[in-house]
Amino acid sequence: MGNQGETRDGVALTNLDQPLFDGADATKRDLVDYLDAVADRVIPALRNRPLSVIRVLRGQAPFMQKNLPRYTPPWVPRASLWAEASKRQVSYALCNDRRTLLWFANQRAVEYHPTLFLADRWEHPTHLILDLDPPEGDGFGLAVRAAQLVRQVLADAGLAGAVKTSGAKGVHVFVPVEAQATAEEVAAATRAVAARAERLDPALATTAFIREERGGKVFLDSTRAYGATVVAAYSPRIRPGVPVSFPVAWDELDRVAPADFTLRTVPRLVADRDPWADEMPEPQRLHPDLVEEGRAIPVARVQAMHEGKRRARARREAE
């Protein structure tokens, strides 16, 4: 065999010397080697969670794949879920083992976006998640400051979370919640945490869903709820240099940069430990006050949609 192909764990790997994507400065082999090296770290973050992946094929724009293609091997575990948006059953992969992960790597799946729930408990998310999205430019430092606001709000509500870089320029805060918490309760609590963080420092952080209204602030995105996905810890991202979403201890957050964590640097950082598992608190109970406060806050996405319609109407009336 040439250096273009090999077999691992029964998976035939092909075209390993092809560039991964423009600006990656990496080959498909680098992706396969990376995912194989961190399989024991990334699989726990994916296990039993319906998985969407972002693939990048040669000469094509990256695309998100939810429904498994027909040619998927029969040994890939899967879960069938009703997709409200497209009004159809979607057959999602469950990436529960090294073989499945290698198969995805060979499919040029670079990014791994699991659901917030396990396949057999889709009404009960395992985590409350805030996605802190800084303004354009070099906004990671701002995202870090916003994450500290969220940490303060959580502490005041008797909660603790773990934090990771998004692998782009943002930060994700994960708060494990008790098994009986419903999707509706977790979604409401997420909105309340975002609103409280915004109140702590409205000059830094905003819950405004419409980009034009954020005024150069960090967007506290509370819409990662219900059927949403969020990129997994240790997942590569389709960005120059192939950065990786990486867990960071709270007190080290202001001493790192997203580019510190890449396909090349991460394997040795996780060789003898799993920082995501180490930093993750035990599941916690959401205080009823937090849930009640959140129930009174409109869902940002829905609010934005209504606002868009209102503006369109105002424009028509002005013409």
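Residues numbered from 1 in each chain as written. Predicted model: local features only at pLDDT ≥ 70, side-chain atom pairs only at ≥ 80, totals over all residues. Heavy atoms only, no water.

## Details of the packing of aromatic side chains
Here's step 1: The final tally for this structure, using the stated rule, is six aromatic pairs.
Here's step 2: Their ring planes at 75° and their centres at 5.9 Å tell us that Tyr234 and Phe246 sit as a pair that is edge-to-face. One end of the pair, Tyr234, is in the loop between strand E12 (218-221) and strand E13 (247-248); the other, Phe246, is in the loop between E12 and E13, and twelve residues separate them in sequence. Each of the two residues, Tyr234 as well as Phe246, counts as buried.
Here's step 3: Through successive ring pairs, a cluster of aromatic residues spans Trp103, Phe104 and Tyr112.
Here's step 4: Above the ring of Trp75, the side-chain terminus of Arg99 is found at 3.9 Å from the ring centroid. (Phe/Tyr/Trp six-rings, centres within 6.5 Å; stacked < 30°, edge-to-face > 60°. Helix = DSSP H or I, 4+ residues; strand = E, 2+ residues; numbered from the N terminus. Buried < 20%, exposed > 50% of the residue type's maximum accessible area, 1.4 Å probe, protein only. Lys NZ or Arg CZ within 6 Å of the ring centre and 35° of its normal.)

## Some words on the packing of helix H1 (residues 28-37) against helix H3 (residues 98-106)
Between two packed helices, both the angle of their axes relative to each other and the distance between the axes serve to describe the pair.
Here's step 1: Between H1 and H3, the shortest axis-to-axis distance is 9 Å and the interhelical angle comes to 165°. On the basis of their axis angle, the class for H1 and H3 is roughly antiparallel. Classified by chirality, the crossing of H3 by H1 is right-handed. Mapping the contact onto sequence places Lys28, Leu31, Val32, Leu35 and Asp36 in H1 and Arg98, Leu101, Leu102, Ala105 and Asn106 in H3. (Axes fitted to C-alpha atoms, helices over the stretch in contact; angles between N-to-C directions. Parallel < 35°, antiparallel > 145°, perpendicular 65-115°, else oblique. Left-handed = near helix turned anticlockwise from the far one by under 90°. Contact = heavy atoms within 4.5 Å.)

## A closer look at the side chain of His127
Here's step 1: Along the chain, His127 turns up in strand E8 (residues 127-133).
Here's step 2: Assessed through its relative accessible area of 15%, His127 is described here as buried.
Here's step 3: A polar atom in the side chain of His127 sits 2.7 Å from the side chain of Thr126.
Here's step 4: Excluding its chain neighbours within four sequence positions, the residues that come into contact with His127 are Arg49, Leu116, Phe174, Val175, Pro176, Val177, Val186 and Met280. (Polar contact = N/O pair within 3.5 Å; in protein donor to acceptor, adjacent residues only side chain to side chain.)

## Quick look at the nonpolar core
Here's step 1: Among the nonpolar cores identified, the biggest contains 89 residues, and Leu101, Phe104, Tyr112, Leu132, Val150, Val173 and Leu286 are the most heavily contacted of them.
Here's step 2: Ranked by residue count, the leading element in this core is helix H4 (residues 140-156), at nine residues.
Here's step 3: Excluding anything up to four places from it in sequence, Leu286 contacts Leu128, Leu159, Val177, Ala181, Glu185, Val186, Ala189 and Val291.
Here's step 4: Of all hydrophobic cores here, the second largest spans five residues; its members include Leu81, Val90, Tyr92 and Phe117. (Core = buried A, V, L, I, M, F, W, Y, C linked by side-chain atoms within 4.5 Å.)

## Focus on the sheet that holds strand E10 (residues 171-176)
Here's step 1: Spatially, the six strands line up as an open sheet ordered E11-E12-E8-E10-E9-E13, and their pairing is mixed. The open sheet is flanked by strand E11 (205-206) and E13, the only strands paired with a single partner.
Here's step 2: As defined by bridge partners, E11 adjoins E12 across two bridges and the pair is classed as parallel. Residue pairing for E12: Thr206 is matched across the bridge by Phe219. (Pairing = 2+ DSSP bridges.)

## As for the packing of H4 against helix H5 (residues 183-200)
Here's step 1: Between H4 and H5, whose axes approach to 9 Å, the crossing angle comes to 115°. For the crossing formed where H4 meets H5, the hand is right-handed. Listed contacts from H5 to Leu149, Val150, Gln152, Val153 and Leu154 of H4 are Val193, Arg196, Ala197 and Leu200.
Here's step 2: Classifying every residue of the contact of H4 with H5 by side-chain character gives seven nonpolar, one polar and one charged. (Nonpolar A, V, L, I, M, F, W, Y, C, P; charged D, E, K, R; others polar.)

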